[in-house]
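If you want the building blocks of each chain, they are given just below.
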Amino acid sequence: QVQLVESGGGLVQAGGSLRLSCAASGRTFSNYPMGWFRQAPGKEREFVACIVWDGGSTYYTDSVKGRFTISRDNAKNTVYLQMNSLKPEDTAIYYCATGSIYPAVREIQYQYWGQGTQVTVSS
């Protein structure tokens, strides 16, 4: 049983930073790529970033390039999303997910999902 548990969300002012974490269990974490998605109120869930199994390659959606950084620590079975220069439009529930394809930007390419963590950016 694969489990993904996100943490680190919260309320921050525009221009601020947050670091999200996603702790994984239930399979060999280091063998699989990981991704972050987000869903804003009234919108569909969208891809944010993904990282290859060894952290050697990353891929981002255009709207977060230069502001967000995805990373992973395979010794801790954890993937991170460092979010800087946050904007009100970054407000969403953020989900981590794991699959078997890299790079993967579609939800269907991920088999396991966390429950999400809320990020709210005030203006």
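Residues numbered from 1 in each chain as written. Predicted model: local features only at pLDDT ≥ 70, side-chain atom pairs only at ≥ 80, totals over all residues. Heavy atoms only, no water.

Peer 1: Looking at this model, I keep getting lost on the pairing of strand 11 (residues 117-122). Mind explaining?
Peer 2: The side chains of a regular strand alternate between both faces of the sheet. On strand 11, burial follows the alternation: T117, V119 and V121 on one face are buried, whereas Q118, T120 and S122 on the facing-out side are not. Direction of pairing for strand 2 (residues 10-13) relative to strand 11: parallel, over a ladder of 4 bridges. Across the sheet, the residue bridging to Q13 is S122, located in strand 11. Taken together, the 3 bridges between strand 9 (residues 92-99) and strand 11 define a ladder with antiparallel strand orientation. When the sheet's bridge partners are listed, Y94 is paired in strand 11 with T117. (Buried < 20%, exposed > 50% of the residue type's maximum accessible area, 1.4 Å probe, protein only. Helix = DSSP H or I, 4+ residues; strand = E, 2+ residues; numbered from the N terminus. Pairing = 2+ DSSP bridges.)

Peer 1: Quick question: what am I supposed to make of empty space enclosed by the protein here?
Peer 2: Empty space among the atoms can be located by rolling a probe the size of a water molecule over them. For the structure shown, the criterion picks out 1 cavity of 30 Å³ or more. Here the largest cavity defines a volume of roughly 60 Å³. V2, L4, A24, S25, G26, R27, T28, F29, Y32, M34 and T98 are the residues that line the largest cavity. The residue makeup of the lining of the largest cavity, split by class, is 6 nonpolar, 4 polar and 1 charged. (1 Å grid on protein atoms, 1.4 Å probe; cavity = no way out; pocket = protein on both sides within 12 Å on 5 of 7 lines; lining within 4 Å. Points joined across faces, edges and corners; volume = space filled by probe spheres on them. Nonpolar A, V, L, I, M, F, W, Y, C, P; charged D, E, K, R; others polar.)

Peer 1: Is there a simple way to explain the pattern of salt bridges in this structure?
Peer 2: It is possible for side chains of opposite charge to pair when their charged atoms get near one another. For the structure on display, the rule yields 5 salt bridges. In this structure, the salt-bridge partner of R38 is E46, at a minimum N-O distance of 2.7 Å. We classify R38 as buried; its relative accessible area is 6%. With relative accessibility at 36%, the residue E46 sits in the partly exposed group. (Salt bridge = Lys/Arg side-chain N within 4 Å of Asp/Glu carboxyl O.)

Peer 1: Is there a simple way to explain the side chain of T98 in this structure?
Peer 2: Tracing the sequence through the fold places T98 in strand 9. The exposure class of T98 is buried, given its relative accessible area of 3%. Only 2.9 Å separates the side chain of T98 from the side chain of R27, close enough to count as a polar contact. (Polar contact = N/O pair within 3.5 Å; in protein donor to acceptor, adjacent residues only side chain to side chain.)

Peer 1: Help me out: how do you make sense of the state of the cysteines in this one?
Peer 2: Each disulfide consists of one covalent bond between the sulfur atoms belonging to two cysteines. As enumerated under the stated definition, the model contains 1 disulfide in all. Here C22 is linked by a disulfide to C96, with a sulfur-sulfur distance of 1.9 Å. Its torsion about the S-S bond being 50 degrees, the disulfide of C22 and C96 is classed as right-handed. On the criterion of sequence distance, the pair formed by C22 in strand 3 (residues 18-25) and C96 in strand 9 is long-range, its members being 74 residues apart. Overall, the relative accessible area of 0% leaves C22 in the buried class. What makes C96 buried here is its relative accessible area of 0%. With no disulfide of its own, C50 lies 13 Å from the sulfur of C96, the closest cysteine sulfur. A relative accessible area of 1% means that C50 is categorised as buried. (Disulfide = S-S within 2.5 Å.)

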